[in-house]
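# Reading the structure
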Amino acid sequence: MTNEDPKSSGQAPEKIKLNDRINRMLTDLLYPSESDEPIEFVQCYLNQQEPLTVSQMKDWQMLPPGVYVEEVPENDFWEPVVTEQDWYEGEEKARTEKFRQLKQLLETELTGRQVFHAGETEIDVFLLGRQADGERVGIKTKLVQT
């Protein structure tokens, strides 16, 4: 048995770890808001079967009671980044396509997806779901709204 990198060994994509597949898609991908922000892969130790609650998210992120956290529809996360506008040029069209591919991967690989916003001006955004093995993972970014 060798310790070859799956990228160089010709290994099928489904055999490559999900976090590696997601991380490759996130390279140079920024979530647009008043400040374009990077997106990162996250793992969440909250493993209960039920959907996550706002309180559990606050505990996981160790947020003080005064920080506003809400669950929002998943579509609110995707709508601004997968909808192509008439004025888009090459770079914007390429970014939109990257987000569409990321969305498809997460919809295929994660069940029970939820999106949470934490904060009011600089908002941490989490999109979390469950992998087939039951582990809760997802992506995190930031929205800046003044």
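Above this text sits the structure in question.
Residues numbered from 1 in each chain as written. Predicted model: local features only at pLDDT ≥ 70, side-chain atom pairs only at ≥ 80, totals over all residues. Heavy atoms only, no water.

## Some remarks on the overall build of the protein
Using the following cut-off: Note on conventions: DSSP H or I runs of at least 4 residues are helices, E runs of at least 2 residues are strands, and numbering of each starts at the N terminus. Only heavy atoms enter the contact rule, under which two residues are in contact if any of them lie within 4.5 Å. Residue-level accessible areas treat just the shown protein chains as cover; the underlying method is Shrake-Rupley with a 1.4 Å probe.
Helix and strand content of the protein: five helices and seven strands. When the helices and strands of the protein are listed from N to C terminus, the series reads α-α-β-β-β-α-β-α-α-β-β-β. For the protein, restricting intrachain contacts to residue pairs at least 6 apart in sequence, the fraction spanning at least 24 positions comes to 54%. Accessible surface for the protein amounts to roughly 8,800 Å². Of this, 46% is attributable to carbon and sulfur atoms.

## Examining the pattern of salt bridges
Threshold: A pair is scored as a salt bridge if a Lys or Arg side-chain nitrogen falls within 4 Å of a carboxyl oxygen belonging to Asp or Glu. For every residue, the accessible area (1.4 Å probe, protein chains only) is compared with the maximum for its type, and the residue is labelled buried under 20%, exposed over 50%, or partly exposed between those bounds.
Using the criterion set out here, one finds five salt bridges in the structure. Its salt-bridge partner being K103, residue E107 comes within 3.3 Å of it at the nearest N-O pair. Placement of both E107 and K103 in helix α5 (residues 90-109) is noted, with a separation of four residues, approximately one turn of the helix. The class of K103 is partly exposed, set by a relative accessible area of 23%.

## Here we look at the nonpolar core
What counts is decided by this rule: To define a nonpolar core, start from buried Ala, Val, Leu, Ile, Met, Phe, Trp, Tyr and Cys residues and group those joined through side-chain atoms within 4.5 Å.
Of all hydrophobic cores here, the largest spans 25 residues; its most connected members are I22, F77, W78, F99, L102, L106 and I139. If you list the elements that add at least two residues to this core, you get α2 (18-26), α4 (74-82), α5, β6 (122-130) and β7 (136-144). With residues near it in sequence (within four places) discarded, L102 still touches I22, M25, L26, L29, W78 and I139. Counting 11 residues, the second largest nonpolar core, distinct from the first, contains L46, A118, F126 and L128.

## Description of the sheet that holds strand β3 (residues 40-44)
Heads up, the rule is: For two strands to count as paired, DSSP must find a minimum of two bridges between them. Note on method: axes are straight lines fitted to C-alpha atoms, helices fitted across the in-contact stretch only, with angles between N-to-C directions ranging 0 to 180 degrees.
Taken together, the five strands give an open sheet; going across it, the order is β3-β7-β6-β5-β4, and neighbouring strands pair in antiparallel fashion. This sheet does not close on itself; its edge strands, each paired only once, are β3 and β4 (69-72). In this sheet, neighbouring strand axes are inclined to one another by 30° on average, regardless of whether the strands run parallel or antiparallel. Bridge count between β3 and β7: five bridges; the pairing is antiparallel. By the bridge assignment, E40 is partnered in β7 with K140. Against the sheet, α4 engages β4, β5 (111-118), β6 and β7, with an angle of about 110° to β6.

## Describing the environment of F41
Structurally, F41 is set in strand β3. Spatially, the C-alpha atom of F41 lies 7.5 Å from that of V137, the residues being 96 residues apart in sequence.

## Focus: α2
Cut-off, in case you're wondering: Each C-beta atom gives one direction from the helix axis, and the arc is the one those directions make.
The complete set of buried residues in α2 reads L18, R21, I22, M25 and L26. End-on, the buried residues of α2 take up no more than an arc of 135°, which puts them together on one face. Those residues of α2 hidden inside the fold are in contact with β3, α5 and β7. Immediately beyond the C-terminal end of α2, within one or two residues, lies D28, with a positive phi of roughly 60°.

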